[in-house]
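Chains, contacts and geometry: an overview
Here is how the chains run, residue by residue.
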Amino acid sequence: DKNKINITIGYNSHPAQQHIRVLKSIARINKNLKSKINLILPFTYGPEDEDYISEIKNICFKNNLKVIFVTKHLSEIELARLRLSSHLMIQTQISDQFSGSMQEYLYAENIIIVGEWLEYPDLENSGINLIKIKSFDEINHLLTSILKNPEKFKDHSAITKIKDISGWNKNLPLWNGLYY
């Protein structure tokens, strides 16, 4: 639906992604705004924990949240379409090592919300706009602002900046240097 904002939460099914804490905060946004979002949960890899998935489904059902579970392995084209169909990514897992998935969402011009406990010095030093939260309680207020004016939060220069950090032109000479 072109009139809705697609919000991706994490990038795998592991509980360390903290989906439940994110969903409980999203559940508290205004009913009118809630109707304007689709939640995307990429569960293409990670543990298959039926109790965890059931708890997520119950939270979404009880709070009238529309959620799409992506569970089948995606081709590279399908994965690119997933990234491009998303408008906002919430990255609040317990720890991270410069997620390639998050970089792809940045390249697809997603607004990115991250937990401030996750450090991304390369992104921050390049000036990429990551919206940091200290607690999960901030998500519902932040989403309310973003949903009212998403353009205000977009970083249209993220494509160029992420290319400068992770692009082939930047990394091929470094990789070649390892072997020659």
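Preceding block: the structure.
Residues numbered from 1 in each chain as written. Predicted model: local features only at pLDDT ≥ 70, side-chain atom pairs only at ≥ 80, totals over all residues. Heavy atoms only, no water.

1. Structural notes on the overall build of the protein
As a reminder, the rule being used: Put simply, DSSP H or I for four residues or longer makes a helix, DSSP E for two residues or longer makes a strand, and each gets a number counted from the N terminus. Using C-alpha atoms as the atom set, the radius of gyration is obtained and then compared with a globule rule of 2.2 Å times the number of residues to the power 0.38. Think of it in three bands: residues with accessible area under 20% of the maximum for their type are buried, residues over 50% are exposed, and the middle band is partly exposed, with areas taken using a 1.4 Å probe on protein chains only. Here, two residues are considered to be in contact whenever any of their heavy atoms come within 4.5 Å of each other. In this description, accessible areas are obtained by the Shrake-Rupley approach with a 1.4 Å probe, and a residue is regarded as covered only by the protein chains that are shown.
Each helix and strand counted, the protein has 9 helices and 6 strands in total. For 180 residues, the compact-globule formula gives about 16 Å, and the C-alpha radius of gyration of the protein, at 17 Å, lands near that figure. Summarising its shape, the C-alpha atoms of the protein cover approximately 60 × 35 × 30 Å along the three principal directions. Counting across all 180 residues of the protein, residues that qualify as buried make up 44%. A separation threshold of at least 6 residues defines the contact pool for the protein, and within that pool the share at least 24 residues apart is 67%. Accessible area of the protein: about 10,400 Å², with a carbon and sulfur share of 51%.

2. Quick notes on a nonpolar patch on the surface
Condition: In this analysis, a patch consists of residues with relative accessible area above 30% that form no salt bridge, clustered at 9 Å for like charges and at 5 Å for the nonpolar side chains Val, Leu, Ile, Met, Phe, Trp and Tyr. A carboxyl oxygen of Asp or Glu within 4 Å of a side-chain nitrogen of Lys or Arg is what we treat as a salt bridge.
A cluster of nonpolar side chains, Trp168, Leu172, Leu174, Trp175, Leu178, Tyr179 and Tyr180, forms an exposed patch at the surface whose accessible area comes to about 980 Å². Positionally, Leu174 belongs in helix α9 (residues 168-179). By relative accessible area, Leu174 is classed as exposed at 53%.

3. Regarding the sheet that holds strand β4 (residues 88-91)
Going by this rule: At least two bridges found by DSSP between two strands is the condition for calling them paired. Here an angle of 0 to 180 degrees is reported between the N-to-C directions of two axes, which are lines fitted to C-alpha atoms, with helices fitted over the stretch in contact.
The strand order across the open sheet built from 6 strands is β3-β2-β1-β4-β5-β6, with neighbouring strands paired in parallel fashion. With one partner strand each, in any of the chains shown, β3 (67-70) and β6 (130-133) form the two edges of the open sheet. Within the sheet, the average angular offset between the axes of one strand and its neighbour, ignoring direction, is 25°.

4. Regarding helix α8 (residues 158-166)
So the rule is basically this: This arc corresponds to the set of directions leading from the helix axis out to the C-beta atoms.
Every buried residue of α8 is accounted for by Ala158, Ile162 and Ile165. What you see down the axis of α8 is that its buried residues fit within an arc of 60°, all on one side. Of the surrounding elements, those touching the buried residues of α8 are α5 (100-107), α6 (121-126) and α9.

5. Observations regarding the pattern of salt bridges
Close approach of charged atoms lets side chains of opposite charge pair. The tally for this structure, following the rule as stated, stands at 4 salt bridges. For Asp137, the salt bridge is made with Arg28, and the minimal N-O distance between the two is 3.3 Å. Residue Asp137 is located in the loop between β6 and α7 (138-148), and its partner Arg28 is located in the loop between α1 (19-26) and α2 (31-34); the two are separated by 109 residues in the primary sequence.

6. Focus: the pairing of strand β1 (residues 5-9)
β1 sits mainly inside the fold: 5 of its 5 residues count as buried. Judged by which residues are buried, β1 turns out to be covered on both faces: Ile5, Ile7 and Ile9 on one side and Asn6 and Thr8 on the other are all buried. Bridging between β1 and strand β2 (residues 37-42) involves 4 bridges; their strand directions are parallel. Its bridge partner lying in β2, Thr8 is registered against Ile40. In this structure, β1 lies alongside β4, joined through 3 bridges in parallel fashion. Of the residues in β4, the one forming a bridge with Ile9 is Ile90.

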